[in-house]
Amino acid sequence: MDSSRKMAAACLPRTNGLPLNIRLIIYDHDFTNERSFDPILAELLPVTERWGRLQLKFIFAGAVERRCDFDGLIEPLLRLLDAPLLDELYIDYSDFVSEESPPWDWSRWNTPNLRHLKTISYFPFFLPGLSSVTSLDLTIDVCDGQMSHTLEEISQMGNLRDLTLKLSNAERPIHFAARKLLVIPQVRHLKIETAFNIRIKDRSRRIERSIFSFLFFPNLVHLRLDLEGTDYYHELKKANLDEEHTSRFYFKEEINRIFSYINQFPKVESLYFNIITPFGDLHNSKVRAEVAIPLNMLPSLKDFTLQSNTRFDIVEPDDPDDIFPDEEQAVAPRVVGNAFPILDSVTLDMFDISVVAKWLGDYLEKIKYRGKWDEFRELAIMERVGLDLRKSSYPGDEALKWCEDKMIRYVALVLWDSSHFLTADLTSLSYIQND
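Residues numbered from 1 in each chain as written. Predicted model: local features only at pLDDT ≥ 70, side-chain atom pairs only at ≥ 80, totals over all residues. Heavy atoms only, no water.

A. Here's a closer look at the overall build of the protein. Each helix and strand counted, the protein has nine helices and 19 strands in total. In the protein, which comprises 435 residues, the proportion classed as buried is 46%. A separation of at least 24 residues holds for 79% of the contacts in the protein among residues at least 6 apart in sequence. Total accessible area computed for the protein in this model is approximately 21,900 Å², and 52% of it derives from carbon and sulfur atoms. (Helix = DSSP H or I, 4+ residues; strand = E, 2+ residues; numbered from the N terminus. Buried < 20%, exposed > 50% of the residue type's maximum accessible area, 1.4 Å probe, protein only. Contact = heavy atoms within 4.5 Å. Areas by Shrake-Rupley, 256 points an atom, 1.4 Å probe, with all protein chains shown as cover.)

B. Inspection of the packing of aromatic side chains at higher detail. Scanning the entire structure with this criterion turns up 15 aromatic pairs. An angle of 10 degrees between the planes, with centres 6.2 Å apart, marks the rings of Trp359 and Tyr363 as stacked. In this pair, Trp359 and Tyr363 are both assigned in helix H8 (residues 354–369), four residues apart and thus about one turn of the helix distant. The class for Trp359 is buried, based on a relative accessible area of 14%. (Phe/Tyr/Trp six-rings, centres within 6.5 Å; stacked < 30°, edge-to-face > 60°.)

C. Quick peek at the pairing of strand E18 (residues 378–385). As defined by bridge partners, strand E17 (residues 345–350) adjoins E18 across four bridges and the pair is classed as parallel. From the neighbouring strand, Thr347 faces E18, where its bridge partner is Ala380. Following the backbone out of E17, through H8 and into the adjacent parallel E18, one traces a crossover that is right-handed. In this structure, E18 lies alongside strand E19 (residues 388–394), joined through seven bridges in antiparallel fashion. Looking across to E19, one finds that Glu383 is bridged to Arg390. Connecting E18 to the next strand, E19, in antiparallel fashion are two residues, including Gly386 with a positive phi near 65 degrees. (Pairing = 2+ DSSP bridges. Right-handed = clockwise from strand over helix to strand, strands pointing away.)

D. Quick peek at the pattern of salt bridges. Applying the stated rule across the entire model yields 17 salt bridges. Taking the shortest distance from any N to any O, the salt bridge between Lys372 and Glu375 comes out at 4.0 Å. Salt bridges sharing partners connect three or more residues here, namely Lys191, Glu193, Arg224 and Asp226. (Salt bridge = Lys/Arg side-chain N within 4 Å of Asp/Glu carboxyl O.)

E. Region of interest: the environment of Gln186. Counting through the fold element by element, Gln186 comes out in the loop between strand E8 (182–183) and strand E9 (189–197). Given a relative accessible area of 8%, Gln186 falls into the buried group. In this structure, the C-alpha to C-alpha distance between Gln186 and Pro218, residues 32 residues apart in sequence, is 8.5 Å. Discounting residues that sit within four places of it in the chain, Gln186 has contacts with Ile154, Ser155, Met157, Gly158, Leu160 and Arg161.

F. Structural detail: helix H4 (residues 147–155). Looking only at H4, the buried set comprises Met147, Ser148, Thr150, Leu151, Ile154 and Ser155. End-on view of H4: buried residues confined to an arc of 165 degrees, all on one side of the axis. (Arc of directions from axis to C-beta.)

G. Inspection of helix H7 (residues 251–258) at higher detail. Across the eight residues of H7, eight count as buried, placing the element largely inside the fold. Taken together, the buried positions of H7 are Phe251, Lys252, Glu253, Glu254, Ile255, Asn256, Arg257 and Ile258.

H. Region of interest: the environment of Lys366. Mapped onto the elements of the fold, Lys366 is located in helix H8. Linking Lys366 and Phe340, residues 26 residues apart in sequence, is a C-alpha distance of 9.4 Å.

I. Inspection of the confidence of the model for the protein at higher detail. When the pLDDT values of the protein are averaged, the result is 80; 73% of them are 70 or greater. Element-level mean pLDDT values for the protein span from 47 in helix H6 (residues 232–238) up to 97 in strand E5 (residues 116–120). Counted against residues more than four places away or in other chains, residues 421–435, with its pLDDT under 50, gives zero contacts. (pLDDT = per-residue confidence, 0-100.)

J. Molecular detail of unusual backbone geometry. Phi is positive for Ser121, close to 60 degrees, though the residue is something other than glycine. On the secondary structure map, Ser121 appears in the loop between E5 and strand E6 (135–141). Judged by its relative accessible area of 29%, Ser121 falls in the partly exposed class. Within the chain, Phe126 stands out as a residue other than glycine whose phi angle is a positive 70 degrees.

Written as C-alpha cells, this is what we have:
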C-alpha cells in the first residue's frame with residue numbers, strides 16, 4: 001500500500017484480513033520537530049493490527065511537502081503504533097547528511113512479532129521489538145557518532161542470529177573510543193560488506209581497525225566477507241577534485257583490519273570471500289591487488305569459498321598495524337594467530353582461478369605432510385557456461401593434480417607471453433636498425 005487514499009479505501013475491504021505490506025515516507029522539515037506524512041497513512045493507521053511489513057523512508061525536506069490533512073493527529077498515533085503482526089521493519093535515513101538524525105520516539109511501539117530489521121544510516125534505539133529480532137541488516141558509516149552505542153545495543157539483542165554489517169568509508173575524521181571488548185555471543189551468521197577506494201589518504205582505516213578490535217564473536221559459525229574496491233580515482237576526476245591516489249586496491253589491508261586479533265572468531269566453520277572491483281574481467285593490468293587469506297586466524301574452519309570477478313595475487317597473511325605512527329596509542333596492536341585448520345572443502349568461483357592454484361597446492365601439500373590428507377574431501381570449481389553455472393568436483397588426489405595442472409598451464413602461458421612480447425620487441429628493433 002503506497003498509492004492514493006482513494007485507492008487504499010477501495011482496496012482495503014478486499015484484502016480479507018491478510019497482512020499488509022506498506023511503504024511510507026516521512027518528511028522532516030529543516031531538522032525541526034515539524035513533520036508531514038504520506039496522505040495514505042490516514043487510511044492505514046486504523047488497521048495497524050494488520051501491518052505485516054513496513055518500510056519507512058525519512059526524507060529531509062526544506063519546505064512542507066505532501067501535507068496530510070491530519071498531521072497534528074497522525075504523528076502521535078504513529079508514535080503509539082500497535083502492530084502485533086509486524087514481522088519486517090525497514091528504516092531508511094540515508095537522505096540525511098548531518099551527524100545527527102532527527103529524533104524519533106520508538107519506545108511505545110508494540111511489535112512483539114518483529115523478526116527482521118533492516119536500517120540504513122540509523123538505528124532505532126528504545127524500540128521494544130529489538131528483543132525479538134532474529135535478523136539485522138545494518139548499513140552504517142564508520143564515522144557514525146553513535147557507532148559504539150549501536151554496537152552495544154546489538155550485543156543486547158538476545159535472539160539475534162543473523163547479522164549483516166555494511167560499512168561505508170569515513171569522509172571526515174572522528175575518534176572512535178573502544179571502552180571494552182564487546183562480546184556478541186548470540187550471532188551465528190555474520191556478513192560484513194565494505195567498500196574502499198584506491199587512494200592514499202583513507203580516513204576510515206584506523207576507525208575500522210578500532211571497531212573490529214572491539215568485537216568478539218565467540219559462537220559465530222558462518223562468516224561472509226564482501227570486499228569491494230571502488231573506482232574512486234575516476235570519480236575524483238569527474239568531480240575535478242585533486243587527491244592522492246594509487247594504482248592498487250587494498251584488499252589485503254582491509255582483511256587485516258577485520259581480522260584484528262587471534263581468537264576473534266574461534267568457532268567459524270565456513271568462510272565465504274567475495275572480492276569485487278569495478279573493472280571485473282576487463283581488468284586493468286596497471287591496477288594491482290593483493291589478497292591475504294587468513295586461515296591462521298580461523299582455527300575451526302572447515303569450508304572455504306572464494307568468489308571474485310577480478311585478478312589478484314595471493315600473499316601470506318601478515319601482522320602489519322596499517323596505521324600511522326601518531327595513531328599507535330589510539331588503536332590496539334594487531335595480534336595474529338598460527339592456526340592451521342584442516343579444510344573439508346574449497347570452492348572457487350572466479351574469473352581467473354589460476355591465481356589460486358599455487359596457494360591451494362601448497363596448502364594441500366601441507367595437509368599431506370601433517371598426515372591429515374583423509375580429512376580433505378573436495379575441491380569444487382564453479383564455471384559459467386553461457387547462462388548456466390556448472391560445478392566440477394575434484395576429490396582428494398584429483399584436487400592436488402588440478403592444482404599442478406593449472407600451475408603448469410599458467411607458467412607455460414607466462415613464458416609464451418614473454419617470448420611473444422620479446423619477439424615483437426626484437427622485430428621492432430630490426431625495423432629501426434634497417435631505417
